[in-house]
Amino acid sequence: MQWTSLNDLREKYLAFFEGKGHLRLPSFPLVPINDKSLLLINSGMAPMKKYFTGEEQPPRTRVCTCQKCIRTPDLERVGHTARHGTYFEMLGNFSFGDYFKNEAIPWAWEFLTQCLEIPEELLYPSIYEEDDEAFEIWNKKIGVPAERIVRLGKADNFWEHGTGPCGPCSEIYFDRGLKYGCGSPDCKPGCDCDRFMEIWNNVFSQFNSDGKGGYTELEHKNIDTGMGLERLACVMQGVDNMFEVDGVRKILDKVVEISGKNYGEDKNADISIRVITDHVRGATFMICDGVIPSNEGRGYVLRRILRRAARHGKLLGISREFLTEVCDVVIAENVAGYPELGEKAGYIKKVMSIEEDRFNATIDAGLSILSDLIRTPLAEGADTISGEDVFKLYDTFGFPIDLTREITEESNLRIDEDTFKMLMQQQKVRAREARANISGWSDASKSFISTLPATEFTGYTDYKTEGEKIIAILCE
């Protein structure tokens, strides 16, 4: 078991499954193609859902990928822990009606124990509690002792999402050692402590669910394998979390260099350093794949993480624009696997720079006012900031409500959300009425305009490209 870089691990995995007859596909874009059910691609199998359902024909029945992914449900946790992140890469090998358990399980074991040379005694398989077929393969074919094969229930080892294809899972856990454990004599894979880290998940898509507890056997069974690249790199590099992995650590070190802070000395500074590291990494790939900052949808996700990164730069005492400097390191560390980053480097940095500049133009005044708003309830022993004050901050200075919410929560305060929403609605009604009373318009035109949804000018928020140029478009 030798130290292996993030880039080398990606290549080893893809080359291994190419050798097993798989077609290596490049990562699909983060923006879903012909799929309105997802804002952003959040798993390795997400871009291939129609291959699994049979709606589209796959290019080959065996495919392997390393897929870029963005997940934001735990955005507020990013930085506060060393395990949460918005961007990650998911390794996957897939079978569309081709091979099944008898091939997928041995190949997983072969890659980990022979290709990566991870000691067998540090690996523990888990299976769905009713999947005796998987147990037999692990025990009889692979030779893993029965006592080291853990049976887990439906919540842990059965993949199902509403109606459609579903099935049991078989995971492989890496034993990180007693020092990461909870001390319980019953500690084993599936425990909530940090000792056993899941590094491989084979999903055996063999049933069709009616969503009501009924399952029928699929004629063509599928394999959906998922494995976090950064998580595997933690194992191969002997580090505790994704921020310590080589390609990510170099981004973090750049933030440290720019800020003049030392990582690991101050809890609050470490939070900000991790936020910037993760968010610029994710934003770089999002912009490369065509996402632009805006006030809705995936564009809002991008805007939010860029502004959150810029704000944490201020918390670190960085008084100048800096996001593009961090972006340079992201591109350098990932261009080997994703050449398009180099091809679009100028464009990516321009979009990022414009957004940081726009944010900086309004943030200082807003932060100063918000600080005053926070001091008043704290001095009075209250726990709420008035909705009127928050609305004024938003309406006058364009200060984002999500950022207000995050900052107030850091002081254990909450916002009067009901009043804020009421004032927002009143503003929309006033705007609609104003449009319906424009002098010079016919009554018919006024009637039509009054039916339009309220909008407000939010600045130069969307961009279109012409080569390396960015042209700001005035929009609502």
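The structure we're discussing is the one just above.
1. Considering the environment of Glu265
- With respect to the helices, strands and loops of the structure, Glu265 is situated in the loop between α7 (246-259) and α8 (267-288).
- A relative accessible area of 63% means that Glu265 is categorised as exposed.
- Considered as a pair, Glu265 and Arg83 are 182 residues apart in the sequence and their alpha carbons are 18 Å apart.
- In this structure the side chain of Glu265 is engaged in a polar contact, spanning 3.3 Å, whose partner is the side chain of Asn262.

2. Brief notes about helix α3 (residues 101-115)
- Its 15 residues place the ends of α3 20 Å apart at the C-alpha level, agreeing with the 21 Å of an ideal helix rising 1.5 Å per residue.
- Where α3 is concerned, the buried positions are Lys101, Ala104, Ile105, Pro106, Trp107, Ala108, Trp109, Phe111, Leu112 and Thr113.
- Once α3 ends, the next one or two residues include Glu117, with phi positive near 60°.

3. A short note on the pattern of salt bridges
- Applying the stated criterion across every chain yields a total of 29 salt bridges.
- Sharing partners across several salt bridges, the network here consists of Arg308, Arg311, Glu406 and Glu410.

4. Looking at unusual backbone geometry
- Not every positive phi belongs to a glycine, and Asn34 is a case in point at roughly 55°.
- Take Asn34: it is sitting in the loop between β1 (23-24) and α2 (49-53).
- Look at Glu117: it is not a glycine, yet its phi comes out positive at around 60°.
- Residue Glu117 is classed as partly exposed on the basis of its relative accessible area of 46%.

5. Focus: the packing of aromatic side chains
- Considering all chains together, one arrives at 22 aromatic pairs under this definition.
- Measuring from centroid to centroid gives 4.9 Å for Tyr13 and Phe17, while their planes differ by 50°, and the two rings are tilted. Taken as a pair, Tyr13 and Phe17 lie in helix α1 (residues 6-18) at a separation of four residues, close to a single helical turn. You'll find Tyr13 and Phe17 in the same group, each marked buried.
- For the pair Tyr124 and Phe196, a centre-to-centre distance of 5.3 Å together with 80° between the ring planes defines the contact as edge-to-face. Pair noted here: Tyr124 is in strand β4 (residues 123-128) and Phe196 is in strand β8 (residues 196-209), with a separation of 72 residues, a long-range link.
- Residue class for Tyr124 comes out buried when judged on its relative accessible area of 18%.
- A network of ring pairs unites the aromatic residues Tyr13, Phe16, Phe17, Tyr99, Trp107, Phe111 and Trp200 as a single cluster.

6. Observations concerning the environment of Arg176
- Structurally, the position occupied by Arg176 is in the loop between β7 (164-175) and β8.
- In this structure Arg176 comes out as buried when scored by relative accessible area, which is 18%.
- On a C-alpha basis, the gap between Arg176 and Leu122 in space is 7.8 Å, while along the polypeptide they are 54 residues apart.
- Excluding residues within four positions of it along the chain, Arg176 makes contact with Asp194, Arg195, Met197, Val239 and Asp240.
- Side-chain polar atoms of Arg176 contact the backbone oxygen of Asp194, separated by 3.1 Å.
- Within the structure, the side chain of Arg176 is placed 3.4 Å from the backbone oxygen of Asp240, a separation counted as a polar contact.

7. Observations concerning the packing of α7 against α8
- Remark: α7 packs on α8, axes separated minimally by 9 Å, with the N-to-C direction vectors making an angle of 125°. As the angle between them shows, α7 and α8 are arranged oblique. In terms of crossing hand, the pair formed by α7 and α8 is right-handed. On α8, the residues touching Val248, Ile251, Leu252, Val255 and Val256 of α7 are Ile273, Ile276, Thr277 and Arg281.
- Here the contact of α7 with α8 is built from residues that sort into seven nonpolar, one polar and one charged.

8. So, the side chain of Ser126
- Within the secondary structure layout, Ser126 lies in strand β4.
- Classification of Ser126 by relative accessible area gives buried; the value is 0%.
- Only 3.0 Å separates the side chain of Ser126 from the side chain of Asn157, close enough to count as a polar contact.
- Not counting chain neighbours up to four residues away, the residues in contact with Ser126 comprise Val150, Leu152, Asn157, Cys169, Ser170, Glu171 and Tyr173.

9. A closer look at empty space enclosed by the protein
- All chains considered together, the criterion is met by one cavity of 30 Å³ or more.
- For the largest cavity, the calculated volume is near 50 Å³.
- Contributing to the lining of the largest cavity are Leu6, Asn7, Asp246, Gly247, Val248, Ile251, Arg281, Glu333 and Asn334.
- For the lining of the largest cavity, the elements supplying multiple residues, two or more each, are α1, α7 and α10 (323-334).
- It is α7 that provides the largest number of residues to the lining of the largest cavity, a total of four residues.
- Of the residues assigned to the lining of the largest cavity, the class counts are three nonpolar, three polar and three charged.

10. Focus on the nonpolar core
- Phe111, Leu112, Trp200, Leu232, Val280, Met286 and Met352 are the most contacted members of the largest nonpolar core, which has 108 residues in total.
- If you look at the next biggest cluster of nonpolar residues, it comprises nine residues, including Met48, Tyr51, Phe94 and Phe96.

11. Notes on the packing of α1 against helix α6 (residues 229-237)
- Direction vectors running N to C along α1 and α6 enclose 110°, while the axes themselves pass 10 Å from each other. Taken together, the axes of α1 and α6 are roughly perpendicular relative to one another. Along this stretch, α1 crosses α6, giving a crossing that reads as right-handed. Seen from α1, the contacting residues are Leu6, Leu9 and Arg10; seen from α6, they are Leu229, Glu230, Leu232, Ala233, Met236 and Gln237.
- Classifying every residue of the contact of α1 with α6 by side-chain character gives six nonpolar, one polar and two charged.

Cut-offs and rules
- Residues numbered from 1 in each chain as written.
- Predicted model: local features only at pLDDT ≥ 70, side-chain atom pairs only at ≥ 80, totals over all residues.
- Heavy atoms only, no water.
- Helix = DSSP H or I, 4+ residues; strand = E, 2+ residues; numbered from the N terminus.
- Buried < 20%, exposed > 50% of the residue type's maximum accessible area, 1.4 Å probe, protein only.
- Polar contact = N/O pair within 3.5 Å; in protein donor to acceptor, adjacent residues only side chain to side chain.
- Expected span 1.5 Å × (residues − 1).
- Salt bridge = Lys/Arg side-chain N within 4 Å of Asp/Glu carboxyl O.
- Phe/Tyr/Trp six-rings, centres within 6.5 Å; stacked < 30°, edge-to-face > 60°.
- Contact = heavy atoms within 4.5 Å.
- Axes fitted to C-alpha atoms, helices over the stretch in contact; angles between N-to-C directions.
- Parallel < 35°, antiparallel > 145°, perpendicular 65-115°, else oblique.
- Left-handed = near helix turned anticlockwise from the far one by under 90°.
- Nonpolar A, V, L, I, M, F, W, Y, C, P; charged D, E, K, R; others polar.
- 1 Å grid on protein atoms, 1.4 Å probe; cavity = no way out; pocket = protein on both sides within 12 Å on 5 of 7 lines; lining within 4 Å.
- Points joined across faces, edges and corners; volume = space filled by probe spheres on them.
- Core = buried A, V, L, I, M, F, W, Y, C linked by side-chain atoms within 4.5 Å.

Shape descriptors only; they carry no functional weight alone.
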